Amino acid sequence: MLPDFFEFRMPTRVVYGPGLTSDLQAELAQVPAVRYLAVSDATVVRLGLLDRVMGGMATAGCEVVGRFLDVPPNSELGVVEACAALAAACGAEAFVAVGGGSVIDTAKMAAVLLALGGDLVDDYSGSGTIDGPLRPLVAIPTTAGTGSEVTSVAVIYDADSHTKLAFSSPSLMPDLAVLDPDLTSSLPPGLTASTAMDALTHAVEAWVSPQASPITDALAAKAIDLILGCVERAVRAGDDLEARGGLLVASSLAGMAFSHAMVGCVHGMAHAAGGLYGVPHGVANAILLPYGLEYNLPETHVKLAALALVMQADTTGPATLPAAEAVIAAIRALTGRLHDLGALPLRLRDVGVPADGLPDIAAATVMDGTSFYNPREVVAEDILAQLERAF
Amino acid sequence: MGLFKSSEEFEEMLSGFFRLAGSRPEIARPLLDSRLIIRFTYSDPDVVIVVDCSGDSLDVRPGDTTTKATVNMTMKAEIAHRFWFGKVNLMQALTRRQMTAKGPVPKILQLLPAIKPLYAIYPEYLRENGYADYIVS
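Residues numbered from 1 in each chain as written. Chains lettered and ligands numbered in written order. Predicted model: local features only at pLDDT ≥ 70, side-chain atom pairs only at ≥ 80, totals over all residues.

Digging into the nonpolar core
Okay, so step 1: Of all hydrophobic cores here, the largest spans 139 residues; its most connected members are A:Phe95 and A:Ala223.
Okay, so step 2: Each of domain 1 (13-184) and domain 2 (189-390) of chain A gives at least three residues to this core.
Okay, so step 3: If we skip the residues at most four places from it in the chain, A:Phe95 touches A:Tyr36, A:Leu37, A:Val39, A:Ala87, A:Ala107, A:Ala110, A:Ala111, A:Arg135 and A:Leu137.
Okay, so step 4: Membership of the second largest hydrophobic core comes to 33 residues, among which are B:Cys53, B:Ala69, B:Ala77 and B:Trp84. (Core = buried A, V, L, I, M, F, W, Y, C linked by C-beta atoms within 7 Å. Buried ≥ 20, exposed ≤ 12 C-beta atoms within 10 Å, placed from the backbone. Domains from an automatic or database assignment. Contact = placed C-beta atoms within 7 Å.)

Points about the confidence of the model for chain B
The predicted coordinates should not be examined in detail at positions where pLDDT is low.
Okay, so step 1: Mean pLDDT over chain B: 91, with 99% of residues reaching 70 or higher.
Okay, so step 2: The ipTM value of the predicted complex is 0.71, and its pTM value is 0.88. (pLDDT = per-residue confidence, 0-100.)

Quick notes on helix α8 (residues 214-236) of chain A
Residues and elements named next belong to chain A.
Okay, so step 1: In this model α8 runs 34 Å from its N-terminal to its C-terminal C-alpha over 23 residues, within 8% of the 33 Å that 1.5 Å per residue would give.
Okay, so step 2: Along α8, the helix axis deviates most sharply at Cys230, where the bend reaches about 35°.
Okay, so step 3: Where α8 is concerned, the buried positions are Thr216, Leu219, Ala220, Ala221, Ala223, Ile224, Leu226, Ile227, Cys230, Val231, Ala234 and Val235.
Okay, so step 4: For α8, the elements touching its buried residues are α7 (189-208), α9 (241-261), α12 (307-311) and α13 (320-340). (Helix = DSSP H or I, 4+ residues; strand = E, 2+ residues; numbered from the N terminus. Expected span 1.5 Å × (residues − 1). Bend = angle between axes of the 7 residues up to and from the residue.)

Describing unusual backbone geometry
Residue and element names in this part refer to chain B.
Okay, so step 1: With an omega of 5°, the peptide bond running from Asp44 to Pro45 counts as cis.
Okay, so step 2: On the secondary structure map, Pro45 appears in the loop between β1 (37-43) and β2 (47-52).
Okay, so step 3: Look at Arg97: it is not a glycine, yet its phi comes out positive at around 60°.
Okay, so step 4: Relative to the helices and strands, Arg97 is located in the loop between α4 (90-95) and β5 (99-102).
Okay, so step 5: Its 14 C-beta neighbours within 10 Å are what place Arg97 among the partly exposed residues.

Points about the domain arrangement of chain A
How big an interface is tends to be stated in terms of the accessible area lost upon association of its parts.
Residues and elements named next belong to chain A.
Okay, so step 1: Each assigned domain of chain A is listed with its residue range as follows: domain 1 (13-184) and domain 2 (189-390).
Okay, so step 2: Using C-alpha coordinates to define each centre, domain 1 is positioned 25 Å away from domain 2.
Okay, so step 3: Listed by partner, the interface residues are 25 residues for domain 1 and 24 residues for domain 2.
Okay, so step 4: Those elements that provide at least two residues to the side of domain 1 that touches domain 2 are β1 (13-16), β7 (153-158), β8 (163-168) and β9 (176-179).
Okay, so step 5: If one sorts the elements of the side of domain 1 that touches domain 2 by residue count, β8 sits on top with three residues.
Okay, so step 6: When its residues are assigned to classes, the side of domain 1 that touches domain 2 shows 12 nonpolar, 11 polar and two charged. (Nonpolar A, V, L, I, M, F, W, Y, C, P; charged D, E, K, R; others polar.)

Have a look at this one:
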């Protein structure tokens, strides 16, 4: 069955290869810029990953005219503004973002401010509000989770309203995404697991989304397949470059899928838990994915059941509800195994969420932009019941 | 040349409809609870209407280009017209950029269930107020 309408747009050039970032000559030759602002964070710098990329840029004859290295784990509006101001001050023509989703999203929105000016909240929150072209952006992920290197979305924290603001526009898609699994090999087991579960959540929520299309289905299914085959290997042995590569590619595939099909209430709950109690996004998604899928089951069991084959879930018959439940059980089993490896918490109570905070998370979930794309109407009291189970 | 004869006619037609919506308590109540100030900017013909839900009752202000709105919705007049017949999929319209929404979009989306009864009221309103030619079958 085909949807009445779908659109797929993928302007980002994606290149993959272990060690690719040590020589970026061929890749950067096609980006119309020479003077770059490097955007990154303290961990990437400490691990020497930024230096590796800077060396690769030098081989391409590119000049890094400034470095913005203060991006926090959940970037904020003020951080984006400071980044854009530095880019303007040092005459940068383009951005190279080296890091996880927060770093790449910061560069995306700084590129908006540098090219178009204005105020992030007043002028660009919403849908269809950012008209390009922006300054070129090269995205080099050092985690395998957000897929931000290929998405049209940026998420930035607004400290005033304690919410994560989602900005969405095709103009936010980077010009170039460089996938180098060497850069992710130093990720510790916990981050490896939580970022992979973030990517898995992107893929599964895209799969059951009312906005799904045959193209996003294909991307999501391959992403799920790769994650299931690679995540435990990468958690056990960080230097397993094949597994690292699989997760990195899966993260991008899932990013392309959800950037078009969007995500639903699992992300809504995770955004709320992150905004209110600082729960890391990947961890929140890992904990909440089975509960969100159960919430949506009345509307999605037929589509979800089709994942049973991809997930090699233990199901005995063609009936869709048991098959869909087997998919959820398979996801629970995966998070359980990752928990046993010491890589994931399983309960909201273990990540700083107080019991009396659950109603606030439920209320914020309803107000999250993802509620619009959820297959089932997002109702606070029903979401609260799932949060209580996840507590 | 668009569907409508003039800016004046479209402005009068839609402002009247918004005022009618404000007179129905079951529709006005959730709108007023939202406290939103929404500016609709239409093209072909060019019309601006502010629907102010921040007070005790719905205030519909055609031509208000100065009030700072919480949400700015932009679309062609014809898309707006079809929307009130329930014939526009908002998700698709936003994706295809037939509509743009600046501001806290989720707050607008929350209002969709509340305004759903208006889809049936709109053709009645057109019929009873001399706009029967614009009824879409």
